[in-house]
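Below, each chain spelled out in residue letters.
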Amino acid sequence: MSLGMWKVQVKGIVSRWVEGGRYPVTEAEWKMEKLEGDKFRFTRFGEDTFELAGREVRTYIYAKTLVIVEGEWP
């Protein structure tokens, strides 16, 4: 169940865990959904869906490598 949704733009180094290692996320627009707890799910057509912890998302937003395109950030 989604608790909030934003359209975000990745503009720099954002990484995710895949099978024990960190890999870069494609620089493009993604749909970001707030999930239960402190988790966010990222989806984009043609890309694998992935989740990040809230602390990671907040770090990327404050570092301006993850930019909110649509929606209000709390």
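Our structure's up above, just so we're on the same page.
Rules used in this analysis
Residues numbered from 1 in each chain as written. Predicted model: local features only at pLDDT ≥ 70, side-chain atom pairs only at ≥ 80, totals over all residues. Heavy atoms only, no water. Core = buried A, V, L, I, M, F, W, Y, C linked by side-chain atoms within 4.5 Å. Buried < 20%, exposed > 50% of the residue type's maximum accessible area, 1.4 Å probe, protein only. Helix = DSSP H or I, 4+ residues; strand = E, 2+ residues; numbered from the N terminus. Contact = heavy atoms within 4.5 Å. Pairing = 2+ DSSP bridges. Axes fitted to C-alpha atoms, helices over the stretch in contact; angles between N-to-C directions.

**Remarks on the nonpolar core**
In step 1: Grouped together as the largest cluster of nonpolar side chains are 16 residues, with contacts concentrated most on V8, W30, M32, F42, V57 and L66.
In step 2: Secondary structure elements with two or more residues in this core: β1 (4–10), β4 (29–34), β5 (39–43), β6 (50–53) and α1 (54–62).
In step 3: Among all residues touching M32, those that are not within four sequence positions of it are G4, M5, W6, V8, F40, R41, F42, V57, L66, I68 and W73.

**Side note on the pairing of β4**
In step 1: Pairing of β1 with β4 involves six bridges; the strand directions are antiparallel. Along β4, the bridge assignment pairs Q9 with E29.
In step 2: Sheet analysis places β4 next to β5, joined by four bridges and oriented antiparallel. Pairing of M32 across the sheet is with F42, part of β5.
In step 3: The loop that links β4 with its antiparallel partner β5 comprises four residues; one of these, G37, has a positive phi angle of about 75°.

**Description of the sheet that holds strand β7 (residues 66–70)**
In step 1: Strand order across the open sheet formed by five strands is β6-β5-β4-β1-β7, with antiparallel pairing between neighbours. If you trace the sheet from one side to the other, it starts and ends with β6 and β7, each paired once. Each adjacent strand pair in this sheet contributes to an overall mean axis angle of 35°, direction not counted.
In step 2: The sheet strands contacting α1 are β4, β5, β6 and β7, and the helix crosses β6 at an angle near 85°.

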